[in-house]
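Observations on chain architecture
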Amino acid sequence: MDAPIDPYFPYVRLILETLISWPVLALAVILLLIRNPRILERIAYLAAIGEVDVDAPVGELAQTREALKARARTLQDPDLVPRMLAGGDRPEEVYGAAIAIRAKPRPEYFKPAVACLERLGRDPELKGVRLNFVWTLVKAVHEVLIQDLKHAPAPQLPRADLEYARSVLQALTDNPRIASDRPEQPDKGVRGPIKWALRW
């Protein structure tokens, strides 16, 4: 004897076969992107970061850097930069986040950037992140400090965060790779922006 058919089965099948189709899903995605433009800008910025050649000579990074800067100036998603600095420490994300911070030096980016520098500094090899990318992130931290402490009507960075940054930057100076960066002209290497960022 055949099992009884659920009376709702024909309706469920109709929905699955006709309503949930690729065109409908594509339309749903388009509507989602229209209603949430931050998702689209996040995708575009992460795609631009994907173009970063982490082994390219500094001079060859200029075009990529300018493209990232242009996109970073229009970023409206305040969560993107902290997410890129949240712990993966992939070189291209560190660099992309640093460029975004330099384009818009917001106080909420300060602590995630310093925490990333702390993780990098603990590793003798800076977790494989090239010195130029670390220089860019330290410079970004310095620019947040300038923006907040010198140009903002009322500074927003808590004293505890400033002291945390001081201890991280001082420890970063002792990292073997950074200590050996440009020994004849240390201010031209990573130690340059570290020195500037400690003057607040």
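Whatever comes next refers back to the structure up there.
Scope of this entry: the structure provided in the associated data block.

Rules and cut-offs
- Residues numbered from 1 in each chain as written.
- Predicted model: local features only at pLDDT ≥ 70, side-chain atom pairs only at ≥ 80, totals over all residues.
- Heavy atoms only, no water.
- Helix = DSSP H or I, 4+ residues; strand = E, 2+ residues; numbered from the N terminus.
- Buried < 20%, exposed > 50% of the residue type's maximum accessible area, 1.4 Å probe, protein only.
- Contact = heavy atoms within 4.5 Å.
- Patch = residues over 30% accessible without salt bridge, like charges linked within 9 Å, V, L, I, M, F, W, Y side chains within 5 Å.
- Areas by Shrake-Rupley, 256 points an atom, 1.4 Å probe, with all protein chains shown as cover.
- Salt bridge = Lys/Arg side-chain N within 4 Å of Asp/Glu carboxyl O.
- Core = buried A, V, L, I, M, F, W, Y, C linked by side-chain atoms within 4.5 Å.
- Expected span 1.5 Å × (residues − 1).
- Arc of directions from axis to C-beta.
- Axes fitted to C-alpha atoms, helices over the stretch in contact; angles between N-to-C directions.
- Parallel < 35°, antiparallel > 145°, perpendicular 65-115°, else oblique.
- Left-handed = near helix turned anticlockwise from the far one by under 90°.
- Nonpolar A, V, L, I, M, F, W, Y, C, P; charged D, E, K, R; others polar.

**Considering the overall build of the protein**
- When helices and strands are tallied, the protein shows 11 helices and zero strands.
- Reading the protein from its N end, one meets helices and strands in the order α-α-α-α-α-α-α-α-α-α-α.
- When burial is assessed residue by residue, the protein has 36% of its 200 residues classed as buried.
- Partitioning the intrachain contacts of the protein with sequence separation of at least 6 by distance along the chain shows that 74% fall at a separation of at least 24.

**Things to note about unusual backbone geometry**
- The backbone of Leu126 sits at a positive phi, close to 55°, despite the residue not being glycine.
- Mapping Leu126 onto the fold places it in the loop between α7 (110-122) and α8 (131-151).
- For Leu126, a relative accessible area of 0% corresponds to the buried category.

**Examining a nonpolar patch on the surface**
- Taken together, the side chains of Ile39, Leu40 and Ile43 make up a nonpolar region of the molecular surface, amounting to roughly 250 Å² of accessible area.
- Here Leu40 lies in helix α3 (residues 37-49).
- Note on Leu40: relative accessible area 47%, which makes it partly exposed.

**A short note on the pattern of salt bridges**
- Taken as a whole and judged by the stated rule, the model has 13 salt bridges.
- For Arg90, the salt bridge is made with Glu92, and the minimal N-O distance between the two is 2.4 Å.
- Judged by its relative accessible area of 42%, Arg90 falls in the partly exposed class.
- Of the charged contacts in the structure, one is a salt bridge between Arg122 and Glu118, with a shortest N-O distance of 3.1 Å. With Arg122 and Glu118 both in helix α7 and four residues apart, the pair spans about one turn of that helix.
- Given the relative accessible area of 25%, Glu118 is considered partly exposed.

**Examining the nonpolar core**
- Formed by 47 residues in total, the largest nonpolar core has its most connected members in Tyr45, Ile101, Phe110, Leu117, Val134 and Leu137.
- Mapped onto this core, the elements with two or more residues apiece are α3, α4 (62-73), α5 (80-84), α6 (91-103), α7, α8, α9 (159-173) and α11 (191-197).
- Among the elements that line this core, the one with the most residues is α8, at eight residues.
- Other than its neighbours up to four places away in sequence, Val134 contacts Leu117, Leu120, Leu126, Val129, Ile178 and Val190.

**Things to note about α4**
- Taking 1.5 Å per residue, 12 residues should reach 16 Å; α4 reaches 17 Å between its end C-alpha atoms and fits that length.
- Within α4, burial applies to Thr64, Leu68 and Ala72. The buried residues of α4 occupy an angular sector of 70° when projected down its axis, which confines them to one face.

**Digging into the packing of α6 against α8**
- Across the interface, α6 lies against α8 with an axial gap of 8 Å and an inter-helix angle of 30°. Between α6 and α8, the angle is such that the two are roughly parallel. Seen along the crossing, α6 lies across α8 with a hand that is left-handed. Residues Pro91, Val94, Tyr95, Ala98, Ile99, Ile101 and Arg102 of α6 lie in contact with α8, whose contacting residues are Asn132, Phe133, Trp135, Thr136, Leu137, Lys139, Ala140, Glu143 and Val144.
- Of the residues belonging to the contact of α6 with α8, the class tally is 11 nonpolar, two polar and three charged.

**Points about the environment of Asp55**
- Relative to the helices and strands, Asp55 resides in the loop between α3 and α4.
- Linking Asp55 and Pro91, residues 36 residues apart in sequence, is a C-alpha distance of 9.9 Å.

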